[in-house]
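Here is how the chains run, residue by residue.
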Amino acid sequence: MSFGKRGTGEGHPARNLLPPTPVEPAGDASVGRMKVANPGSIDKGFIALALGVVMVSAGAAIAAPSVLDMFGTQVRPIETVVAGLDRTQAKAALAREAFPDGEGRAFMSSLQSHFPTDHDQLLNLLADEALSGGDRDDLLQKLNLWSVEFVPPILPAIGRTGADGFDELLNIGGGAFDVVEKTAGCTADKLEAFVSNPANLAKSWTYGSESYKFSMQASEKLVNLAAKGRNAPPPPTDFRPEDEEALMTAFFGMMMDEQFTGLIASAGPNANFGSQTEALRSIDICKMGRSVIYKLRRLPHGTKERIFGIGTQALDQIPADVMKQMMSGKGGYPGIPGVNAPPSGFPTHLLEGPSIEDMRDM
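### Quick notes on the packing of helix α5 (residues 116-131) against helix α6 (residues 136-159)
Step number 1: Two numbers describe how α5 lies on α6: the axes approach to 9 Å, and their chain directions differ by 150°. Relative to α6, the element α5 is oriented roughly antiparallel. As α5 runs across α6, the sense of the crossing is right-handed. Residue-level contacts link D118, L122, L125, L126, E129 and A130 of α5 to D138, L139, K142, L143, W146 and F150 of α6.
Step number 2: Within the contact of α5 with α6, the residues separate by chemical class into 8 nonpolar, no polar and 4 charged.

Structural data, given as structure tokens:
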């Protein structure tokens, strides 16, 4: 989960990366004619995408831009809000006016209702920053740091929300792609051009930006999911034959997407380094992400529930300090444990699928 401005050296959370909903390829029966090097298995890259999109959507989604809608509310400078107040009074004032827009108030209200202790801890941080002269963007920075502590402990509860929680995180992930697409663009050239200008990053993370609004909306959804799953029974984590079949169907369908076929073609025997680089830079990562989300959304209810349970169980086993580094974009982590390596209980033979070179001949 990521909020507010990010300091120098910190990784930039997921951005706005999504195009229109991919159209289901005509004639899924053609899937049956595909040649697979290792029948009955799924490429490990797909498993990483499948679990990764779902599990990382939460954190990724909290990082995308939006338009401020104040509904006529006057936004007072923080120094005015806390002028002449002691710490207790400042906390009460900031509960209402730290983030006085509709999205900010909805998040703060949900947090206070479902997690009052965490809400009070957040207000302590905000009050101390405000009384020290911090502005609203400085408060966003504090919110960002607070979220790194808040999110890891609630992941198991979110995992107990089953297929509904699975779909909600897909919605959040889809929204994140939309934001990236709108804010920066989805090809390598566009993303590089955007992040190379520090002014773009600073602007996208200020109060009232697209990133801010989306972040607050996604955060409220995560808080509500955690509250819903807090007292729910443990999720099922037994991977069944029907789950394997459903994932294979999704995998082959995804391989028919033009973004993935472009990747496969770039790995052909006659492809040189230059053509491979050009092909990779032309891929629209938003469309690719949407294709994965579309396929995952169509999985059976029970499969979603079990995959979600396995994934959140794996995340819960990650050491707290590692999880915090991953969420804050630090530590140089290229992936998520439990996604790059199979979580406990996941059938490892599914990770022995065809390589890119093999899929080229499908």
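### Focus on the nonpolar core
Taken as a class, soluble globular proteins show a tendency for nonpolar side chains to be buried jointly.
Step number 1: Grouped together as the largest cluster of nonpolar side chains are 64 residues, with contacts concentrated most on L94, F99, F107 and L126.
Step number 2: In terms of residue count, α6 provides more of this core than any other element does, 10 residues in total.
Step number 3: Beyond its immediate sequence surroundings of up to four residues, L94 is in contact with I78, V81, V82, L123, L126, A127, A130 and L139.

### Quick look at α5
Step number 1: The end-to-end C-alpha distance of α5 is 22 Å, a good match for the 22 Å that 16 residues give at a rise of 1.5 Å each.
Step number 2: Within α5 the residues assigned to the buried category are H119, L122, L123, N124, L126, A127, E129 and A130.
Step number 3: The inward-facing, buried residues of α5 abut α2 (78-81), α3 (87-97), α4 (102-114) and α6.
Step number 4: Where α5 ends, the next residue or the one after it, G133, has phi of about 100°, a positive value.

### Examining the side chain of T187
Step number 1: Position of T187 among the secondary structure elements: in the loop between α7 (162-183) and α8 (188-195).
Step number 2: The contacts of T187, once residues within four sequence positions are left out, are R281, S282 and I283.

### As for the confidence of the model for the protein chain
Step number 1: Looking at the protein chain, pLDDT values average 75 and 62% of them are 70 or higher.
Step number 2: For the protein chain, the element scoring lowest by mean pLDDT is helix α17 (residues 356-359), at 41; α5 scores highest, at 98.
Step number 3: A low-confidence stretch, residues 56-73 stays under pLDDT 50, and its non-local contacts, those more than four residues away or across chains, total 74 contacts.
Step number 4: In the predicted structure, residues 331-362 sits below a pLDDT of 50 and forms 75 contacts with residues beyond four places in sequence or in another chain.

### What about the state of the cysteines?
As used here, a disulfide is simply a covalent bond connecting the sulfur atoms of two cysteines.
Step number 1: Taken as a whole and judged by the stated rule, the model has 1 disulfide.
Step number 2: Here C186 engages in a disulfide with C286; their sulfurs sit 1.6 Å apart. Judged by the sign of its S-S torsion, about -80°, the bond between C186 and C286 is left-handed. Taken together, the positions of C186 in the loop between α7 and α8 and C286 in helix α14 (residues 285-297) put the pair 100 residues apart, joining distant regions of the chain. Judged on exposure class, the residue C186 and its partner C286 are both buried.

### Topic: the packing of α3 against α5
Step number 1: Running from amino to carboxyl end, α3 crosses α5 at an angle of 110°, the nearest separation of the two axes being 9 Å. Compared by their axis directions, α3 and α5 come out roughly perpendicular. In this structure, α3 uses R87, A90, K91, L94 and A95 to contact α5, whose residues at the interface are H119, D120, L123, N124, L126, A127, D128, A130 and L131.
Step number 2: Taken together, the residues of the contact of α3 with α5 sort by class into 8 nonpolar, 2 polar and 4 charged.

### Structural notes on the packing of aromatic side chains
Step number 1: For the structure on display, the rule yields 7 aromatic pairs.
Step number 2: For the pair F166 and F308, a centre-to-centre distance of 6.1 Å together with 85° between the ring planes defines the contact as edge-to-face. Of the two residues, F166 is situated in helix α7 and F308 in helix α15 (residues 301-316); the sequence distance between them amounts to 142 residues.
Step number 3: Overall, F166 belongs to the buried group, its relative accessible area being 0%.
Step number 4: Taking 5.1 Å as the distance between ring centres and 55° as the angle between the ring planes, the aromatic pair formed by F251 and F252 counts as tilted. Accessibility assignment for this pair places F251 and F252 in one class, buried.
Step number 5: Over the ring of Y207 we find R136, and its NZ or CZ is 5.2 Å from the ring centre.

Cut-offs used in this document
- Residues numbered from 1 in each chain as written.
- Predicted model: local features only at pLDDT ≥ 70, side-chain atom pairs only at ≥ 80, totals over all residues.
- Heavy atoms only, no water.
- Axes fitted to C-alpha atoms, helices over the stretch in contact; angles between N-to-C directions.
- Helix = DSSP H or I, 4+ residues; strand = E, 2+ residues; numbered from the N terminus.
- Parallel < 35°, antiparallel > 145°, perpendicular 65-115°, else oblique.
- Left-handed = near helix turned anticlockwise from the far one by under 90°.
- Contact = heavy atoms within 4.5 Å.
- Nonpolar A, V, L, I, M, F, W, Y, C, P; charged D, E, K, R; others polar.
- Core = buried A, V, L, I, M, F, W, Y, C linked by side-chain atoms within 4.5 Å.
- Buried < 20%, exposed > 50% of the residue type's maximum accessible area, 1.4 Å probe, protein only.
- Expected span 1.5 Å × (residues − 1).
- pLDDT = per-residue confidence, 0-100.
- Disulfide = S-S within 2.5 Å.
- Phe/Tyr/Trp six-rings, centres within 6.5 Å; stacked < 30°, edge-to-face > 60°.
- Lys NZ or Arg CZ within 6 Å of the ring centre and 35° of its normal.

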